[in-house]
Amino acid sequence: MTAVYRAPLRSRRDDINPRGTGERARSLGLCGFGGDSDAVRLARRIERFADAADGSFVWTRDPDGQYWLGRLDGPYFYDADGADVDLTHVRPCRWRTAPVAESVTPAAVVATFGRGGRNFQKVHDDAVGEETTRLWAL
């Protein structure tokens, strides 16, 4: 089954407007994150992100609480043009053109965002891959 990840598209910096980050990602077909003051931790985050298989699903939630579904579609690269919204460590991503209602978003995805955090991370749940695949096909 295809892996499913939480991709918050939200900077670790509080001075960055999260709306701009998500809008840049979806409009340019990107998924990713920004810098980190701890170089070792950042290197590990980049490695995990770069190692996620093409075709893996990614979920994000915008500042209005709407869920967006995408699929990784290419290799990692550094995008200096995304520095103003702290979205520099990126991969190509195909995003659905409309948000997914929370009522049909997989419960494991909703729970993962409910716990908070700003890390790109795998969603661990037996049903999330099948549920996400079904939504992608709509």
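Above this text you will find the structure in question.
Residues numbered from 1 in each chain as written. Predicted model: local features only at pLDDT ≥ 70, side-chain atom pairs only at ≥ 80, totals over all residues. Heavy atoms only, no water.

Concerning the packing of aromatic side chains
Counted according to the given criterion, the structure contains 5 aromatic pairs. Taken together, Y5, F33, F49 and F120 form an aromatic cluster joined through their ring pairs. Above the plane of the ring of F33 lies R45, whose end atom (NZ or CZ) is 4.3 Å from the centre. Just above the ring of F49 sits the side chain of R91; from NZ or CZ to the centre is 5.9 Å. (Phe/Tyr/Trp six-rings, centres within 6.5 Å; stacked < 30°, edge-to-face > 60°. Lys NZ or Arg CZ within 6 Å of the ring centre and 35° of its normal.)

What about the environment of K122?
Take K122: it is sitting in strand β7 (residues 121-122). The exposure class assigned to K122 is partly exposed, which follows from its relative accessible area of 41%. The sequence separation of K122 and R6 amounts to 116 residues, and the corresponding C-alpha distance is 6.2 Å. (Helix = DSSP H or I, 4+ residues; strand = E, 2+ residues; numbered from the N terminus. Buried < 20%, exposed > 50% of the residue type's maximum accessible area, 1.4 Å probe, protein only.)

Points about empty space enclosed by the protein
Under the counting rule described, the total for this entry stands at 2 cavities of 30 Å³ or more. If you add up the space inside the largest cavity, you get close to 50 Å³. Lining the largest cavity are L9, R10, S11, R12, T21, G32, F33, G34, G35, R45, D86 and L87. When its residues are assigned to classes, the lining of the largest cavity shows 3 nonpolar, 5 polar and 4 charged. Volume-wise, the second largest cavity comes out at about 40 Å³. (1 Å grid on protein atoms, 1.4 Å probe; cavity = no way out; pocket = protein on both sides within 12 Å on 5 of 7 lines; lining within 4 Å. Points joined across faces, edges and corners; volume = space filled by probe spheres on them. Nonpolar A, V, L, I, M, F, W, Y, C, P; charged D, E, K, R; others polar.)

Here's the deal with the pattern of salt bridges
Here the idea is simple: oppositely charged side chains can pair when their charged atoms come close. Per the stated rule, a full pass over the model turns up 7 salt bridges. Notably, a salt bridge pairs R13 with D15, separated by 2.9 Å at the nearest N-O pair. When its relative accessible area of 58% is taken as the criterion, D15 is described as exposed. For E130, the salt bridge is made with R134, and the minimal N-O distance between the two is 3.4 Å. With E130 and R134 both in helix α4 (residues 128-137) and 4 residues apart, the pair spans about one turn of that helix. In this structure E130 comes out as partly exposed when scored by relative accessible area, which is 48%. Judged by relative accessible area, R134 falls into the partly exposed class, the value being 49%. (Salt bridge = Lys/Arg side-chain N within 4 Å of Asp/Glu carboxyl O.)

As far as function goes, none of this settles anything; it's purely spatial.
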